[in-house]
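Next come the chains, spelled out residue by residue.
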Amino acid sequence: MSTGEVPARDSTGPTEKCGVVGVSHETEGAALPTYYALYALQHRGQESAGIVTHDGFQQHEHIGMGLVGEAFDQGDIDTLHGQSGIGHVRYPTAGSVDESNAQPFTVSFEAGSLALSHNGNLVNTEALRSKLTEQGHAFSSDGDTEVIAHDLARNLLESDLVRAVKRTMERLHGSYALTVMHDDTVMGIRDPEGNRPLIIGELEDGYVIASESAAIDTLGGEVVRDVRPGELVVLDEDGSGFDAYQLQSPERTANCFFEYVYFARPDSVIDGELVYEVRRELGRKLYEEAGVETDVVMPVPDSGRAFASGYAEAAPDVEFAEGLMKNRYVGRTFIMPTQEARERAVRLKLNPIRSTVEDRSVTLIDDSIVRGTTSRQLVDLLREAGAESVHVRIGAPPITAPCYMGIDMADRDELIAAEGDVGAVEEQIGADSLAYISPSAVADSIGTARSDLCMGCVTGEYPYDIKGEATDRDVAAPVLDE
Ligand SMILES: O=P(O)(O)OC[C@H]1O[C@H](OP(=O)(O)OP(=O)(O)O)[C@H](O)[C@@H]1O
Ligand SMILES: NC(=O)CC[C@H](N)C(=O)O
Ligand SMILES: [Mg+2]
């Protein structure tokens, strides 16, 4: 793909978030804390899980397909020696859904060994790949992450760590939150737009860098701070501290609003905002903007819960009921790799409690409608369970455009609201009424100016020209000068 084209999409897979982790421990092996941190980030990727550690002499790696609990057993953890480590849970945003793109990626080269975990999506992957191929690099995957790993390895041959990372960051266009391990040095790198979350935590005898603060909580650690947009954070090998380098300083950020709406855990804090409270505020605003007279308000579990509690709090004299039960053994449906899997999972996942809906008007609250997989089936289910009427209220604006920044919602033709016609969506899902929250209410609930959020999937305007050229933002265009 040349930089002139829209990034090729893996048509079978939604592109998704991933979860990244890095640990430097003073006294114990890094493998177990990394494993537990990945467990806390399972909701960010269900396709594969991997850990690479370094014992001061060599790398040790274990990567498997499926959930964290499926990919690892105690024997696997026991082979992962060393007090430095990084980990990854994956949803594919670029490249196939198989072992070849499972992470962390590892590269061995004259300047040592490198392992890299990536959350995000580049928009100039192929331009970078062809440059590196001309320079003699060979790739084992069709994804974007391996290209980042090779570019960094190349720069490490010619520069010290900080300069090598700076050089690579100047060549990357798109979204990336990375944990990287060069020999036994663990670091975190956040793209200059701060598109994906990345946060630092202090452990009893070490430090951790992870996609979300919930992973730090799980390790019993204390949140230190977010990795700043454009920043490199290098953990001390002995786990005693870290150094930070501001390598790029754009004037504005492009924090992904959908992290606050859907992807992140409600108990995570992103750039100082507790996701749970943002969602409750979105629910309150949703009532203010689009409240409807009804007998009972109910969430679509899991991610709709906080929205519904905020909505019900703002709505006078309405009953709040957990009228839909979620099968606890079914994961996230939206981020499954095929539409057939998603449809089946929604049927398996959610079941109405008849007594809460029979002969009653129901308001169903969800965080988002993307393909309509969930809401299409739920409206029918509620009617079959005897609901007199079903009103749907959504805590995100209509998703009308794909995402190229690491959360490709779907190719445009799969997006149920692509034409932006709410009435048409209302008819397709069979609701008595459908309303979404406004983009300005989203920015107000997150507490960030709209110009500092990426809402590309709502507006079709992205922080980068998706051809990989710099837009009016002051982030330097990729330096592909060889
Ligand atoms: O319109 P769609 O294409 O169905 O996508 C939107 C739905 O998918 C997500 O739920 P998911 O089941 O992924 O996860 P959850 O359990 O966190 O709600 C999201 O919370 C919506 O319910
Ligand atoms: N969802 C992500 O952030 C995935 C990272 C990377 N683009 C991949 O496809 O593996
Ligand atoms: Mg959901």
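- By the naming in an unreviewed UniProt entry, the protein chain is Amidophosphoribosyltransferase, taken from Halodesulfurarchaeum formicicum.
- One UniProt comment on the protein chain, placed under Function (unreviewed entry), says "Catalyzes the formation of phosphoribosylamine from phosphoribosylpyrophosphate (PRPP) and glutamine."

1. Here's the deal with the overall build of the protein chain
- Summing up its helical and strand segments, the protein chain has 16 helices and 24 strands in all.
- Its C-alpha atoms put the protein chain at 70 × 45 × 35 Å along the principal axes.
- Burial analysis of the protein chain (482 residues in total) assigns 63% to the buried set.
- Counting only contacts in the protein chain whose residues sit at least 6 apart along the sequence, the fraction spanning at least 24 positions is 71%.
- Only carbon and sulfur atoms are counted for the fraction: they give 47% of the accessible area of the protein chain, which is about 17000 Å².

2. Here's the deal with helix α9 (residues 275-290)
- With 16 residues, α9 should cover 22 Å at 1.5 Å per step; its first-to-last C-alpha distance of 22 Å lies within 8% of that length.
- Looking at α9, one finds that the buried residues are V275, V278, R279, R280, L282, G283, R284, K285, L286 and A290.

3. Points about the UniProt feature "active site" (unreviewed entry) in the protein chain
- According to UniProt, the feature "active site" (unreviewed entry) maps to C18 in the numbering used here.
- Here C18 falls in the buried class, since its relative accessible area comes to 3%.
- Filtering out sequence-adjacent residues up to four positions away, C18 remains in contact with R44, H88, V89, R90, Y91, H118, N119 and S211.

How each quantity is defined
- Residues numbered from 1 in each chain as written.
- Chains lettered and ligands numbered in written order.
- Predicted model: local features only at pLDDT ≥ 70, side-chain atom pairs only at ≥ 80, totals over all residues.
- Heavy atoms only, no water.
- UniProt positions renumbered as here; feature names shortened; annotations may be inferred.
- Helix = DSSP H or I, 4+ residues; strand = E, 2+ residues; numbered from the N terminus.
- Buried < 20%, exposed > 50% of the residue type's maximum accessible area, 1.4 Å probe, protein only.
- Contact = heavy atoms within 4.5 Å.
- Areas by Shrake-Rupley, 256 points an atom, 1.4 Å probe, with all protein chains shown as cover.
- Expected span 1.5 Å × (residues − 1).

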